[in-house]
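Commentary on secondary and tertiary structure
One letter stands for each residue in the lines below.
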Amino acid sequence: MDLNALYQEIILDHYKNPLHAGLREPYGAEVRHVNPTCGDEVTLRVQLAESADGPVVHDVSYDAVGCSISQASASVMADLLIGKPVAEAMSVHEDFLALMQGKGQVVPDEERLEDGVAFAGVAKFPARVKCALLAWMAWKDATAQVTTPLTEEEVR
Ligand code: ZN
């Protein structure tokens with residue numbers, strides 16, 4: 001199987017069986033982002049939790065409507081970032097952003113981006129880059145708005 005076919009299958013799989021989909025409580029911040037050029041919409045909630053090593057992404061829940069790329073991207077993003085320290089999640093976010101803005105010239109790091117590498121092919125199509133980035137931008141926006149992470153006691 002060639003790489004593009006494999007990437008398309010990964011995206012289709014996340015689209016058909018989205019991970020962590022649905023809106024959950026409790027949440028620290030909720031945002032709604034839209035991509036008018038394609039008609040994609042995402043409502044996304046982020047909950048952070050305090051830990052000895054700083055804040056951790058406790059949960060990312062979302063309701064995504066739109067094309068397969070935008071919905072699959074939300075699934076990949078949530079699965080990748082939940083459970084990570086916020087600092088590490090921000091760094092993964094930067095890697096994905098660099099991949100998507102790389103016009104197909106950036107070689108993705110599979111260790112860090114996991115199923116996110118499947119969007120490498122999308123980076124060659126400027127019109128679809130916004131679809132792939134919608135949920136990621138919503139996550140960053142929501143994360144910046146969380147003012148009170150759960151305490152370690154609340155998480156237990
Ligand atoms: Zn789209």
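Everything below is about the structure printed above this text.
Below or above, wherever it landed, is the structure these notes cover.

Rules used in this analysis
- Residues numbered from 1 in each chain as written.
- Predicted model: local features only at pLDDT ≥ 70, side-chain atom pairs only at ≥ 80, totals over all residues.
- Heavy atoms only, no water.
- Helix = DSSP H or I, 4+ residues; strand = E, 2+ residues; numbered from the N terminus.
- Expected span 1.5 Å × (residues − 1).
- Contact = heavy atoms within 4.5 Å.
- Polar contact = N/O pair within 3.5 Å; in protein donor to acceptor, adjacent residues only side chain to side chain.
- Donors = N, O, S within 2.8 Å, 3.2 Å for Na, K, Ca; no water.
- Buried < 20%, exposed > 50% of the residue type's maximum accessible area, 1.4 Å probe, protein only.
- Core = buried A, V, L, I, M, F, W, Y, C linked by side-chain atoms within 4.5 Å.
- Lys, Arg positive; Asp, Glu negative; His and termini not counted.
- Salt bridge = Lys/Arg side-chain N within 4 Å of Asp/Glu carboxyl O.
- Axes fitted to C-alpha atoms, helices over the stretch in contact; angles between N-to-C directions.
- Parallel < 35°, antiparallel > 145°, perpendicular 65-115°, else oblique.
- Nonpolar A, V, L, I, M, F, W, Y, C, P; charged D, E, K, R; others polar.

**Let's talk about helix H1 (residues 3-16)**
End to end, H1 covers 20 Å across 14 residues, agreeing with the expected 20 Å (1.5 Å per residue, within 8%). Check the buried side of H1 and you find it contacts helix H2 (68-81). Between a side-chain oxygen at the N-terminus of H1 and the backbone nitrogen of Asn-4 the separation is 2.8 Å; the capping residue is Asp-2.

**Remarks on the coordination of the zinc ion**
Within the protein, the zinc ion binds to Cys-38 (SG), Asp-40 (OD), Asp-40 (OD), Cys-67 (SG) and Cys-131 (SG); these donor distances fall in the range 2.1 to 2.7 Å. Along the chain, the residues that donate to the zinc ion are spaced as C-x1-D-x26-C-x63-C. Within this pair, whereas Cys-38 is found in the loop between strand E1 (29-35) and strand E2 (40-49), its partner Cys-67 is found in the loop between strand E3 (56-65) and H2, the two being separated by 29 residues in sequence. With a relative accessible area of 33%, Cys-38 lands in the partly exposed category.

**Structural notes on helix H5 (residues 126-145)**
The end-to-end C-alpha distance of H5 is 29 Å, a good match for the 28 Å that 20 residues give at a rise of 1.5 Å each. For H5, every residue scored as buried is listed here: Val-129, Cys-131, Ala-132, Leu-133, Leu-134, Ala-135, Trp-136, Ala-138, Trp-139, Ala-142 and Thr-143. For H5, the elements touching its buried residues are E1, E2, E3, H2 and helix H3 (86-100).

**Digging into the nonpolar core**
The biggest cluster of nonpolar side chains holds 47 residues, and the ones touching the most others in it are Leu-44, Met-77, Leu-81, Phe-96, Met-100, Phe-119 and Trp-139. Contributions of two or more residues to this core are made by H1, E1, E2, E3, H2, H3 and H5. Sort the elements by how many residues they give to this core and H5 lands first, with 10 residues. Phe-96 has contacts with Ser-73, Leu-113, Gly-116, Phe-119, Ala-132, Leu-133 and Trp-136, leaving out every residue within four places of it along the chain.

**What to know about the side chain of Lys-84**
Mapping Lys-84 onto the fold places it in the loop between H2 and H3. Buried charged residue Lys-84 carries no salt bridge. Nearest counter-charge: Glu-88, at 4.5 Å. Setting aside residues no more than four positions away along its own chain, Lys-84 makes contact with Val-56, Val-57, Ala-89 and Val-92.

**Re the packing of H1 against H2**
Describing two packed helices takes the angle between their axes plus the distance from one axis to the other. Relative orientation of the contacting elements H1 and H2 amounts to 80°, with a least axis distance of 8 Å. Comparing their axes, H2 and H1 come out roughly perpendicular. Every residue of H2 that contacts H1 at Ile-11, His-14 and Tyr-15 is listed here: Ser-68, Ile-69, Gln-71, Ala-72, Ser-75 and Val-76. Along the lines of polarity and charge, the residues of the contact of H1 with H2 split into 5 nonpolar, 4 polar and no charged.

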